[in-house]
Amino acid sequence: MRRLLAGTAAFVAMTGTLLVLPVYADPGPEAVPVETSAEEVPLGSVEEPAAAAEVQEGTTEPVAGVPDTAPALTVTRTGVDEFSLVGVTWAADPAVRDVRAQVRVQDAAGAWGEWTELGVEDAAVGTDATADTAQRAGTAPLWTGPSTGVEVEVVTVSGAAPTDVQLDLIGTPESPADALPGTPDIQDTADAALAMPDVYSRAQWGADETIRTWDPEYAPTIKAATLHHTAGANGYAAEAVPGIIRTMYAYHTQSLRWGDIGYNVIVDRFGRLWEGRYGGLASTVVGAHAGGFNTGTFGVSMIGNYDVVDTTQPMVDAVAAIIAWKFSLYNVNPSGTVQLTSGGSTSRYPAGTRVTLPTIFGHRDTGSTACPGRYGYAKLPEIRSKVAAQVGSALPLVSQRYSSDAAARQLLGAQTTAPTRTPNGQGAFAHYANGSIYASGATGARILRGPIRDKWASLGWENGSLGYPTTDTTATPDGRGLYQHFQNGSIYWSQATGAHTIGGAIRDRWGSLGWENGSLGYPASDWTTTPNGRAQFVHFQNGSIYWSQATGARVLSGQVFEGWARTGFENSPLGMPTTDVTATPDGAGRFAHFQNGSVYWSQRTGAHSIGGPIRDRWAAAGWEAGAMGYPTSDWTTTPNGAAQYVHFQNGSVYWSQAGGARWLTGGVYAAWAASGWETSALGMPVSDTAGTPDGGAVYAHFQRGSVYATTEHGTSVLSTAVAAAWGRTGWENGPLGYPTAPPAGTAAAQQAGATVQRFEGGVVYATSATGAHAVSAAFGAAVDAAGGPAVLGYPTTDVATTPDGRGTYQHFQNGSVYATAATGARVLRGAVYDLWARSGWENGVLGYPTVSTAATPDGQGLYAHFQGGSVYWTRPTGAHLLRGDIYTAWAAQGWEQGTLRYPTTDVTTTPDRKGSYAYFQGGAVYSSAVGGTRVLRGAVLDAWARTGWEQGRLGWPTSDTVAQPGGGTRTTFEHGTVTVSASGAATVTVR
């Protein structure tokens, strides 16, 4: 007895599934490979016929859908070498859709037969082909019996006309083994779940394996069976069958270039089964029998044309027997339906189309063909019924197991129920004193007992999610439990955990860890689908395994698992685990990564979730080995919903859409927290806590401000405006230095809504009306001396350089500060400031101020001294500019407290441009090169004025007013005098 393992071994290696292999009986008459002969007769095309071919009008016999005048490509050959099969092939082209060929043949006696119409063979293997040369399209083959002449007519019904048309004549010599094939080589094994019908092997029909160019390909499983007919002759003798199969094999393999025969099994009218496609009958080898639907289907073809005659009963019985055996291997329901996806090719359905079909269907259900003929198609209900009956006949397996297995009898005890078919019709069972036996064609007869059986029963027996048992109830290797495998999972039991289901990728993962002897121990929960339907899990004594399609099966345990559980398991923001629980590199903690984050644990910090940009920021800093250390809080959304945060051993990371993920530490973080966290005036951080370039402080910027902390001055919270003003001065490297105190201000400043931030070298004032501006220490001293913001108001500009480049200035709401190295910082305000501005600022005659605007000693006015003079102001007189000799003479008179009092005009040039003057409340001062600087007042000034001033008869005064003996005064002018008597009468004397 020999075993044919080729193909099946490859299938087992690919799928990891061990199938029961058929055993081959002792050989009958020796069969040897038989070489076939082939003659190719070129026809060309209608457009370019070959030399031996012709194009005629119409066909000899009418073809449905083809006009009588349609061009037909034809050739006639007589006296050729004997052949037994004929077919027509052409260059494969998707545009060639519907071609018909009419064939008649001549026997050795010279008699011509009837015309036979051949349709297109639509069972192309498509992408399943592995032949070295491109496949050809063609008609179905026609078995003719021995023939020596042929005539063919090829016509196009619709679509494009074929090209490179070729007539293929295939012959085969008879083999001594054809008439006496003996006992079928392929027979059932004693261990098979359902008896396999005998099948004649490829060797027994004389397959020449040297012409096979196709290496077997395997589908993941078998889902359905497809019924065909070969559409050839019907009255063939039994001894002709091997030759029919050989010529069909040659046509499929060489003419159509499929690389092998298309069908998995061929059935003759005598009910004999013949092995078809190479690769193993028990396997899922992909055939070439139903274009677009070859993968996952089992192709059975009946030799003959069952569109013209009825099938034989032995043939129908054989078809049912082989399909029943095949379905028992793959647990296919013969009465059910299946959804198959078209692969395109020559299918009637476009590629990708999902088609619902009976699990046993005819070729015409998927292809544009009459196959398996009207009589063959009508037998499908009978075939389905017979297959269902055979697949469901697992009753003998139960009895056989109990009667043949002494250990089983001793273990189970006496039978309490007779073997009975299961409700789903696919298996059988019997109950015993200490357990049960359940059997199916796919799984064999298996013993169930104790808590394992009870658990399986609670799930719905064989109709539950686990299906039928595939092993007996068995003790675990550690002796502390029991287990049993089923079609779709397992049940494990121990005294400590009870009985629980486990399966799929979770069982595989648990198995890779050592099953119950691994770190997880026994299952402590059933194999369960998560409430959202997207994942599965099993809890164990020492952990859990969670699985999803996207993440695979991952092991979680301990505090890391509990941390994930607190966030909502698979519904949490973290999602499903993507790694197992793993020790951190420093050995101090454990972690697991998830789809959207991680959970980290250490003894000091506990287990905490972390994810999103916060985890990315932490990772960039070196994970737990970085400066932040381990997380000490979960990944949390702030109460206002606008941000997220995680606290760490050495700080916190806050994230917002606007600010990104930022690390805050120490005093900076404490100050932000004290101000109200994310709801404070500062808003969210937009930078990490960092050290200043000079190393003197740490800081962080926020949406609406900054926090700076120094050892010397503590922590200061700066608004955006204050920080910006400080930044414009050069930050800590500028004249202001570091902030020295929290924002403060007087009651008046607070009432005005002003922020006052003091620095080492100045202060920054900020109001909604003026903005924020820094005031240096020197400017601040001048401002304070002038009465501070209560007098000058708040700065409206930063400090700037004057146009001449020699000074700096800053404007305030009520004045300005101007400074040079020579004059210091001086405050100007009010009318004094306005007059100075009108005079040309620092570029005017006055130059820079040397004294700030101040109140006069009498409290009646304001004044300021400048490099080139002074400005005095009172409400009655206004502001006036005094300078030079006139200013000196006024000062000599006692300033505003002298007899002249306050100026009422500026120092002004006289009309003759020979001098200048200024008037005061008590007189005037005139100055010229002619008479010097003279103070005139009262009757003297009035009398001189009446003469025409300096342009009159008297000209310029040349002396001061001098008291006269006996009373009165005398004032000398260029051309005379003015004498005023004691009574006040003025006399003008002109020389």
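Rules behind the numbers
Each chain carries its own residue numbering, running from 1 in the direction its sequence is written. The model is predicted, so local features are restricted to residues of pLDDT at least 70 and side-chain atom pairs to those at 80 or more, both for listing and for counting; the totals for chains, interfaces and linings are taken over all residues. The basis for the side-chain values is all heavy atoms of the structure; hydrogens and waters are excluded. UniProt positions are given in the numbering used here, feature names are shortened, and annotations may be inferred rather than shown by experiment. Counting from the N terminus, the helices are the DSSP runs of H or I reaching at least four residues and the strands are the DSSP runs of E reaching at least two. Relative accessible area decides the class of each residue, using a 1.4 Å probe on protein chains only: under 20% of the type maximum gives buried, over 50% gives exposed, and in between gives partly exposed. Each axis is a line fitted through C-alpha atoms, and for a helix only the stretch in contact is used; angles between axes span 0 to 180 degrees, taken between their N-to-C directions. Note on terminology: angles under 35 degrees are roughly parallel, angles over 145 are roughly antiparallel, angles of 65 to 115 are roughly perpendicular, and the others are oblique. Helix crossings get a hand from a simple test, with the near helix turned counterclockwise from the far one by less than a right angle marking a left-handed crossing and a clockwise turn marking a right-handed one. Contact definition: two residues touch when any of their heavy atoms are within 4.5 Å. Side-chain classes follow a simple rule in which Ala, Val, Leu, Ile, Met, Phe, Trp, Tyr, Cys and Pro form the nonpolar group, Asp, Glu, Lys and Arg form the charged group, and the remainder, Gly included, forms the polar group. Paired strands, as defined in this entry, are two strands with at least two bridges between them according to DSSP. A pair of aromatic rings is counted whenever rings of Phe, Tyr or Trp (Trp by its six-membered ring) have centres within 6.5 Å, and the orientation is called stacked for planes under 30 degrees apart, edge-to-face for over 60 and tilted otherwise. In this scheme, the term charge over a ring applies when either NZ of a lysine or CZ of an arginine sits within 6 Å of the ring centre and within 35 degrees of the ring normal. Residue ranges for the domains originate in an automatic or database domain assignment. Think of the arc as the fan of directions from the helix axis to the C-beta atoms.

- Within an unreviewed UniProt entry, the label attached to the chain reads LGFP repeat-containing protein, and the organism entered is Geodermatophilus nigrescens.
- For the record of the chain, the UniProt heading Sequence similarities (unreviewed entry) holds the text "Belongs to the N-acetylmuramoyl-L-alanine amidase 2 family."

**So, unusual backbone geometry**
Peptide bonds are trans in most cases, and residues, glycine excluded, mostly fall at negative phi.
Now for step 1: A cis amide bond, omega 10 degrees, links Cys371 with the succeeding residue Pro372.
Now for step 2: The topology assignment puts Pro372 in the loop between strand S19 (360-362) and helix H5 (373-378).
Now for step 3: One non-glycine residue with positive phi stands out, namely Trp731, at about 55 degrees.
Now for step 4: A relative accessible area of 30% places Trp731 in the partly exposed class.
Now for step 5: Even without being glycine, Arg913 reaches a positive phi, approximately 65 degrees.

**Let's talk about the packing of helix H4 (residues 313-330) against helix H6 (residues 380-391)**
Now for step 1: At a minimum axis separation of 8 Å, H4 and H6 run at an interaxial angle of 45 degrees. Taken together, the axis directions place H4 and H6 in an arrangement best described as oblique. The two elements H4 and H6 meet at a crossing, and its hand is right-handed. Here Gln313, Val316, Asp317, Val319, Ala320, Ala321, Ile323, Ala324 and Phe327 of H4 come into contact with H6, specifically with Glu382, Ile383, Lys386, Val387, Gln390 and Val391.
Now for step 2: Residue classes in the contact of H4 with H6 are distributed as 10 nonpolar, two polar and three charged.

**Points about the pairing of strand S27 (residues 498-502)**
Now for step 1: Within S27, four of the five residues are buried, which leaves the element mostly enclosed by the surrounding structure.
Now for step 2: In sequence, strand S26 (residues 489-494) turns back onto S27 through a hairpin of three residues.

**Brief notes about the packing of aromatic side chains**
Now for step 1: Counting across every chain of the model gives 61 aromatic pairs.
Now for step 2: Seen in terms of ring centroids, Tyr708 and Trp731 are 6.4 Å apart; in terms of plane orientation they differ by 20 degrees. Their pairing is stacked. Placement of the pair is Tyr708 in strand S42 (residues 705-710) and Trp731 in the loop between helix H14 (720-728) and helix H15 (747-751), with a sequence separation of 23 residues.
Now for step 3: Summarising the aromatic geometry, the rings of Tyr919 and Tyr926 are spaced 6.0 Å apart at their centres and angled 85 degrees between planes, so their arrangement reads as edge-to-face. Assigned by exposure class, Tyr919 and Tyr926 land together as buried.
Now for step 4: Feature note: the residues Tyr917, Tyr919, Tyr926, Trp944, Trp949, Trp956 and Phe973 constitute an aromatic cluster, connected by ring pairs.
Now for step 5: The cationic tip of Arg104 hangs over the ring face of Trp112; the distance from NZ or CZ to the ring centre is 4.6 Å.
Now for step 6: The residue whose ring lies beneath Arg212 is Tyr278, and the NZ or CZ to ring-centre distance is 3.8 Å.

**Quick word on the domain arrangement of the chain**
Interface size is often expressed as the accessible area that is lost when the parts come together.
Now for step 1: As far as domains go, the chain holds domain 1 (37-171), domain 2 (199-393), domain 3 (550-657), domain 4 (663-768), domain 5 (793-875) and domain 6 (885-990).
Now for step 2: Relative to domain 6, the C-alpha centre of domain 3 lies at a distance of 94 Å.

**Thoughts on the sheet that holds strand S55 (residues 908-909)**
Now for step 1: Here four strands make up an open sheet; going across it, the order is S55-S56-S57-S58 and the pairing antiparallel. With partners counted over all chains shown, the strands left at the sheet margins are S55 and strand S58 (932-936), one partner each.

**With respect to helix H16 (residues 777-785)**
Now for step 1: Taken together, the buried positions of H16 are occupied by Phe779, Gly780, Ala782 and Val783. Down the axis of H16, the sector holding all buried residues measures 160 degrees, keeping them to one side.
Now for step 2: Of the residues flanking the end of H16, it is Gly787, one or two places downstream, whose phi is positive at about 115 degrees.

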